[in-house]
Amino acid sequence: MSKISRFFKGGGSAASKGRGGPSPQEALARLRETEEMLSKKQEYLETRIERELAVARQHGTKNRRAALQALKRKKRYEKQLSQIDGTLSTIEFQREALENSHTNTEVLKNMGYAAQAMKKVHENMDLNKIDDLMQDITEQQDVAQEISDAISNRATFGDEFDEDELMAELEELEQEELNKGMRHVRLPSVPSTSLPSRPASTRRRAEDEDEMKKLAAWAS
């Protein structure tokens with residue numbers, strides 16, 4: 001046990017002992033009150049130091065005794081001010097440590113509440129039942145997927161017929177319709193007289209063109 005712990009354990013009022021020691025809130029309130037009191041004491045000492053310094057300047061070499069007395073008082077005030085600065089630093093450190101301890105205690109308390117709540121929630125949960133439930137959900141999802149696939153697939157009614165046979169039958173029907181149409185078409189009769197022969201000039205011109213083509217082929 002540290003010296004500070006023994007000090008607080010040995011001291012304190014009877015009311016605090018009866019309650020088992022002050023609460024963190026009470027201790028923090030006391031520390032803040034002490035800091036405020038010491039801060040006011042600092043302001044007072046700083047004012048007195050300035051006043052004694054002014055007195056020493058006022059007397060100077062005219063009244064050396066009064067000037068020296070003022071400087072002595074100023075030194076005592078400065079010493080007290082330095083002691084108060086150290087005390088304030090210690091109290092500030094203690095207050096911050098107490099605040100952190102109180103915060104950590106509240107955090108741990110809340111974490112303990114959360115752990116108890118989680119434990120209470122999990123008491124009614126059976127891992128085996130959870131596994132069975134998840135397995136059932138997976139199976140039902142697979143069934144739903146199979147149903148969706150079956151519905152979305154294109155219907156294949158009539159695919160059992162041979163497409164080549166159907167095309168051959170269709171061609172036969174088309175040929176029959178074509179033959180029926182040809183029966184009703186009347187072709188023109190062949191003329192009984194012979195066609196007139198080409199004129200001699202036209203025949204001669206054709207023979208000349210044939211000769212020119214032969215010459216051109218031979219020259220090339």
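Residues numbered from 1 in each chain as written. Predicted model: local features only at pLDDT ≥ 70, side-chain atom pairs only at ≥ 80, totals over all residues. Heavy atoms only, no water.

You'll find the protein entered in an unreviewed UniProt entry as Charged multivesicular body protein 4c, with Pipra filicauda given as the organism. Quoted verbatim from the Sequence similarities (unreviewed entry) heading of the UniProt record, the comment on the protein is "Belongs to the SNF7 family." (UniProt positions renumbered as here; feature names shortened; annotations may be inferred.)

K.L.:
Looking at this structure, how should I read helix α4 (residues 64-123)?
P.N.:
Along an α-helix, residues three or four apart share an orientation, since each turn contains 3.6 residues. With 60 residues, α4 extends 88 Å between its outermost C-alpha atoms, agreeing within 8% with the 88 Å of an ideal straight helix rising 1.5 Å per residue. Within the span of α4, buried status applies to A67, A70, K74, Y77, L81, I84, L88, I91, R95 and H102. Where α4 is buried, its residues touch α3 (24-59). (Helix = DSSP H or I, 4+ residues; strand = E, 2+ residues; numbered from the N terminus. Expected span 1.5 Å × (residues − 1). Buried < 20%, exposed > 50% of the residue type's maximum accessible area, 1.4 Å probe, protein only. Contact = heavy atoms within 4.5 Å.)

K.L.:
Can you help me understand a nonpolar patch on the surface in this one?
P.N.:
A surface patch of nonpolar side chains, about 660 Å² in accessible area, is lined by V121, M125, L127, I130, L133, M134 and I137. In terms of residue count, helix α5 (residues 127-152) provides more of the nonpolar patch than any other element does, five residues in total. Its place among the elements puts L127 in helix α5. Judged by relative accessible area, which is 64%, L127 ranks as exposed. (Patch = residues over 30% accessible without salt bridge, like charges linked within 9 Å, V, L, I, M, F, W, Y side chains within 5 Å. Areas by Shrake-Rupley, 256 points an atom, 1.4 Å probe, with all protein chains shown as cover. Salt bridge = Lys/Arg side-chain N within 4 Å of Asp/Glu carboxyl O.)

K.L.:
Whenever I open this one, the pattern of salt bridges confuses me. Can you help?
P.N.:
For side chains bearing opposite charge, pairing can occur when the charged atoms are close. Enumeration according to the criterion identifies eight salt bridges in this entry. Close ionic contact of E52 with R48 constitutes a salt bridge, the shortest N to O distance being 3.4 Å. Residue E52 and its partner R48 are both found in helix α3; the two are separated by four residues, about one turn of the helix. The pair formed by E52 and R48 is uniform in burial state, with each residue classed as buried. Residues E99 and R95 are paired through a salt bridge, measuring 3.3 Å at the closest nitrogen-oxygen approach. Placement of the pair is E99 and R95 together in helix α4, with a separation of four residues, close to one helical turn. For E99, a relative accessible area of 23% gives the class partly exposed. With relative accessibility at 15%, the residue R95 sits in the buried group. Look at the salt bridges and you will find they share partners, linking R32, E35, R95 and E99 into a network.

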